Amino acid sequence: MSPMITSILILSLATGTIITMASFHWLLAWMGLELNTLAILPIISESHHPRATEASTKYFLTQAAASSLILFSSVMNAQATGQWSILQLEDPLAQTLLTVALAMKLGLAPAHFWLPEVLQGSSFKTGLIIITWQKLAPMTLLLLTWNQASMLTLMMMGSLSVAVGGLGGLNQTQLRKVIAFSSIAHLGWMATIVTKSNKLALLNLTMYILISTPMMLSLIFSSTKTTQDLTTTWTTSPMLAPLTMMTLLSLGGLPPLSGFMPKWLTLEELLTQNMAPLATVLAVSTLLSLFFYLRLSYSLSVTLSPSPTKISSKWRLKPNTSTLPLSIALPPSILALPLTPLMKP
């Protein structure tokens, strides 16, 4: 793909998200989501591989269906109340439809099946856009309508997503699928807490993006695609192996790393609001996710792949990719826990 076309697509992607985030009219929000979807389709199918074409088709069908539901719910609300404002969603059926549509856009269970498949058919760079930037527009709509969305539906989908994300990632060896199930689990945490505290949901999203970005960048840097490939990371960069391990454990929410902060504050908020059973379900389900993060960390740091040569000097060579974004993104993904008192809502 030529640099000019890539620039236009990235600009369209950013414009679509910004239109949705800045709009207060349902038609503008819908238009931003559509622009966003149409801009990323050529990026997903760039390699012209059958898997990439299949991934872009699945992404298009799912996102188009979710956008149609959003438009349908806004038309129903306008018919019932005469209002097109995002902040005045009063029709109960429209509220439920919107919640389901946003869950489908985000990849919450039980509408999560597209995310692992799409991520597996995409490159790591495209996957990074899908699991970070593409979540901003639907999450903004969810944060704008948090007091009007169907609370029971969101909490059920959220807790189910955390469990499905943990169980789905247990049997995977492809890292892109592991990352997809990890994304589903983290989005479950956001959906569960958004009805109780939208500031905590925003904190969850911010920390998730801050931790996922360096993890994906480190996998791109070391050209790692499967669990078996992780064992050779030390040959690419001996320093990157322990840092990637800590990023994985941070994503799992292990203290004293950054990923523990949003989980700690979320559980504390649920317990304050007398929702101990839900907090217990979330905490236990997260142990499943933590298990496969530990398994990946074990492959990365403890095991060594069989090497026919006595000395592996691959790490001495100049890397093909820039290390500056990775160097900037790694510290906050590991060391942000001391900032917890500043983050309390």
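Values in this document were obtained by computation on a predicted structure and should not be read as measured data.

The rules we used
- Residues numbered from 1 in each chain as written.
- Predicted model: local features only at pLDDT ≥ 70, side-chain atom pairs only at ≥ 80, totals over all residues.
- Heavy atoms only, no water.
- Axes fitted to C-alpha atoms, helices over the stretch in contact; angles between N-to-C directions.
- Helix = DSSP H or I, 4+ residues; strand = E, 2+ residues; numbered from the N terminus.
- Parallel < 35°, antiparallel > 145°, perpendicular 65-115°, else oblique.
- Left-handed = near helix turned anticlockwise from the far one by under 90°.
- Contact = heavy atoms within 4.5 Å.
- Nonpolar A, V, L, I, M, F, W, Y, C, P; charged D, E, K, R; others polar.
- Buried < 20%, exposed > 50% of the residue type's maximum accessible area, 1.4 Å probe, protein only.
- Core = buried A, V, L, I, M, F, W, Y, C linked by side-chain atoms within 4.5 Å.
- UniProt positions renumbered as here; feature names shortened; annotations may be inferred.
- Arc of directions from axis to C-beta.
- Patch = residues over 30% accessible without salt bridge, like charges linked within 9 Å, V, L, I, M, F, W, Y side chains within 5 Å.
- Areas by Shrake-Rupley, 256 points an atom, 1.4 Å probe, with all protein chains shown as cover.
- Salt bridge = Lys/Arg side-chain N within 4 Å of Asp/Glu carboxyl O.
- 1 Å grid on protein atoms, 1.4 Å probe; cavity = no way out; pocket = protein on both sides within 12 Å on 5 of 7 lines; lining within 4 Å.
- Points joined across faces, edges and corners; volume = space filled by probe spheres on them.

### A short note on the packing of helix α14 (residues 260–272) against helix α15 (residues 276–301)
Alright, step 1. Where α14 contacts α15, the axes come no closer than 8 Å and their chain directions differ by 155 degrees. Considering their axes alone, α14 and α15 lie roughly antiparallel with respect to each other. In the crossing of α14 with α15, the sense of the turn from one axis to the other is left-handed. Side by side, α14 and α15 meet where K263, L267, L270 and L271 of the first sit next to A276, L278, A279, L282, A283 and T286 of the second.
Alright, step 2. Considered class by class, the residues forming the contact of α14 with α15 number eight nonpolar, one polar and one charged.

### A few points about the environment of L200
Alright, step 1. Examined against the element boundaries, L200 turns out to sit in helix α10 (residues 198–222).
Alright, step 2. L200 gets classed as buried once you look at its relative accessible area, which sits at 1%.
Alright, step 3. The spacing of L200 and S333 is 133 residues in sequence and 17 Å in space, taken between C-alpha atoms.

### Considering the nonpolar core
Alright, step 1. In this structure, W26, I40 and I179 are the most contacted members of the largest nonpolar core, which totals 83 residues.
Alright, step 2. The element contributing the most residues to this core is helix α9 (residues 175–194), with 12 residues.
Alright, step 3. Apart from the residues lying within four places of it in its own chain, the contact partners of I179 are L119, F124, I131, M215, M216 and L219.

### Focus: unusual backbone geometry
Alright, step 1. The omega angle of the peptide bond from A109 to P110 is 5 degrees, so this bond is cis rather than trans.
Alright, step 2. In this structure, P110 sits in the loop between α4 (92–106) and α5 (114–120).
Alright, step 3. The step from P255 to P256 runs through a cis peptide bond, and the omega angle for that step is 5 degrees.
Alright, step 4. For P256, the position within the fold is in the loop between α13 (240–251) and α14.
Alright, step 5. Here the phi dihedral of S223 falls at roughly 55 degrees; this positive angle occurs in a residue that is not glycine.
Alright, step 6. By relative accessible area, S223 is classed as exposed at 55%.
Alright, step 7. Residue N274 is not a glycine yet carries a positive backbone phi of 60 degrees.
Alright, step 8. Following the sequence through the fold, N274 ends up in the loop between α14 and α15.
Alright, step 9. Classification of N274 as exposed rests on a relative accessible area of 70%.

### A few points about the UniProt feature "domain: NADH:quinone oxidoreductase/Mrp antiporter transmembrane" (unreviewed entry) in the chain
Alright, step 1. Residues annotated in UniProt with the feature "domain: NADH:quinone oxidoreductase/Mrp antiporter transmembrane" (unreviewed entry) correspond here to residues 25–288.
Alright, step 2. Split by type, residues 25–288 is 75% helix and 0% strand. Its first and last C-alpha atoms lie 40 Å apart.

### A closer look at helix α16 (residues 324–335)
Alright, step 1. Among the residues of α16, those classed as buried are L326, A329, L330, S333 and I334. Buried residues of α16, viewed axially, fall in a sector of 120 degrees; they line one side. Along α16, the residues that are exposed and aim more than 90 degrees away from the buried face are L324, I328 and L335.
Alright, step 2. On its buried side, α16 packs onto α10 and α13.

### Some remarks on a nonpolar patch on the surface
Alright, step 1. A cluster of nonpolar side chains, namely L38, F60 and L61, defines an oily patch on the protein surface of about 290 Å² accessible area.
Alright, step 2. Counting through the fold element by element, L61 comes out in helix α3 (residues 50–81).

### Looking at empty space enclosed by the protein
Summary: where empty space remains is shown by rolling a probe the size of a single water molecule over the atoms.
Alright, step 1. By the definition in use, this model includes five cavities of 30 Å³ or more.
Alright, step 2. Around the largest cavity, the lining residues are L33, N36, T37, Y59, Q63, K105, W114, I130, Q134, K135 and P138.
Alright, step 3. For the lining of the largest cavity, the elements supplying multiple residues, two or more each, are α2 (26–44) and α3.
Alright, step 4. Per element, the largest residue contribution to the lining of the largest cavity is three residues, and it comes from α2.

### Here we look at the pattern of salt bridges
A pair can form between side chains of opposite charge whenever their charged atoms are brought close.
Alright, step 1. The final tally for this structure, using the stated rule, is three salt bridges.
Alright, step 2. K58 serves as the salt-bridge partner of E54, at 2.7 Å between the closest nitrogen and oxygen. Here K58 and E54 lie together in helix α3, a separation of four residues that amounts to about one turn.
Alright, step 3. A salt bridge links K177 to E117; its shortest N-O distance comes to 3.6 Å. Placement of K177 in helix α9 and of E117 in helix α5 is noted, with a sequence separation of 60 residues between them.
Alright, step 4. One network of salt bridges, in which partners are shared, links E54, K58, E117 and K177.

### A few points about the environment of E269
Alright, step 1. Structurally, E269 is set in helix α14.
Alright, step 2. A relative accessible area of 19% places E269 in the buried class.
Alright, step 3. Distance in space between the C-alpha atoms of E269 and Q174 is 35 Å, their sequence separation being 95 residues.

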